[in-house]
Amino acid sequence: GYSTTLSLTFTNSAIIATYPISYGYLQSDPVSGSFKYNTSTGACNGSVTISADGIGTLNFPNGVNITNVLRLKSVETLTLSSGILPVGSFNQIVYNYYKPGAKYPILNINYTIYSLLAQTPTITALIYGKK
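Note that this is a predicted model, so its numbers are computed, not measured.

Reading the values: rules and limits
Residues numbered from 1 in each chain as written. Predicted model: local features only at pLDDT ≥ 70, side-chain atom pairs only at ≥ 80, totals over all residues. Heavy atoms only, no water. Helix = DSSP H or I, 4+ residues; strand = E, 2+ residues; numbered from the N terminus. Buried < 20%, exposed > 50% of the residue type's maximum accessible area, 1.4 Å probe, protein only. Polar contact = N/O pair within 3.5 Å; in protein donor to acceptor, adjacent residues only side chain to side chain. Contact = heavy atoms within 4.5 Å. Pairing = 2+ DSSP bridges. Salt bridge = Lys/Arg side-chain N within 4 Å of Asp/Glu carboxyl O. Axes fitted to C-alpha atoms, helices over the stretch in contact; angles between N-to-C directions. Phe/Tyr/Trp six-rings, centres within 6.5 Å; stacked < 30°, edge-to-face > 60°.

A. Structural context of unusual backbone geometry. In this model, N62 sits at a positive phi of 60 degrees, which is unusual for a non-glycine residue. As for its position among the elements, N62 is in the loop between β3 (40-59) and β4 (65-82). We classify N62 as exposed; its relative accessible area is 78%. Look at N68: it is not a glycine, yet its phi comes out positive at around 60 degrees. Along the polypeptide, N68 turns up in strand β4. Residue class for N68 comes out partly exposed when judged on its relative accessible area of 46%.

B. Quick look at the side chain of N108. Position of N108 among the secondary structure elements: in strand β6 (residues 107-116). By relative accessible area, N108 is classed as buried at 7%. Among the polar contacts listed, one links the side chain of N108 to the side chain of N96, at a separation of 2.6 Å. Leave out the neighbours within four places in its chain, and N108 touches V94, Y95, N96, L126, I127 and Y128.

C. Structural view of the pairing of strand β2 (residues 26-37). Across 5 bridges, strand β1 (residues 6-10) lies against β2 in antiparallel orientation. Bridge pairing links S7 to K36 in β2. Relative to β3, β2 is paired through 12 bridges, and the arrangement is antiparallel. Paired with L26 across the bridge in β3 is S51. The hairpin formed by β2 and β3 contains 2 residues between the paired strands, and N38 there has a positive phi angle of roughly 55 degrees.

D. Representation of the pattern of salt bridges within the structure. By the definition in use, this model includes 1 salt bridge. With its nearest N and O atoms 2.7 Å apart, the salt bridge here joins R71 to D53. Here D53 lies in strand β3 and R71 lies in strand β4, a separation of 18 residues in the sequence.

E. Broad picture of the sheet that holds strand β5 (residues 85-98). If you walk across this open sheet you meet the 7 strands as β1-β2-β3-β4-β5-β6-β7, and the pairing is antiparallel. Since the sheet does not close on itself, it has two edges, and those belong to β1 and β7 (122-129), each with one partner. Taking each pair of neighbouring strands and ignoring which way they run, the sheet shows an average axis angle of 25 degrees. Note that β6 and β7 share 8 bridges and pair antiparallel. Of the residues in β7, the one forming a bridge with N110 is L126.

F. Structural context of the packing of aromatic side chains. Tallying each qualifying case throughout the model produces 2 aromatic pairs. Note on Y37 and Y114: the rings are 6.4 Å apart at their centroids and 75 degrees apart in plane angle, and the pair reads as edge-to-face. On the criterion of sequence distance, the pair formed by Y37 in strand β2 and Y114 in strand β6 is long-range, its members being 77 residues apart. Assessed through its relative accessible area of 9%, Y37 is described here as buried.

Structure representation (structure tokens):
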């Protein structure tokens, strides 16, 4: 789930990435499943696109710089439906930054926006890092 009120459950094997990944990598895959928003339920369908679109240096506080970092960008776009009627949308962009030889990202930035049932869109931004 992505919040206290919206949860997404995926029912297909959407492929996020196939390793090894290097600069220029690009993959898109369909995503489908179901959503629950408070007492409303329905289907979610869309796609996720992954691209290794940047390489460079990350500059952290206290003069900590990590060179040759690969940026992996994930864009997920879903339409939320009840029956045949669209009732909302879910969009997420995630940036993961990997240092050479690292299995897990050293920095993750996640932007999410969803809007359901003619309500004000909910926007979140999450950032976390790992040394």
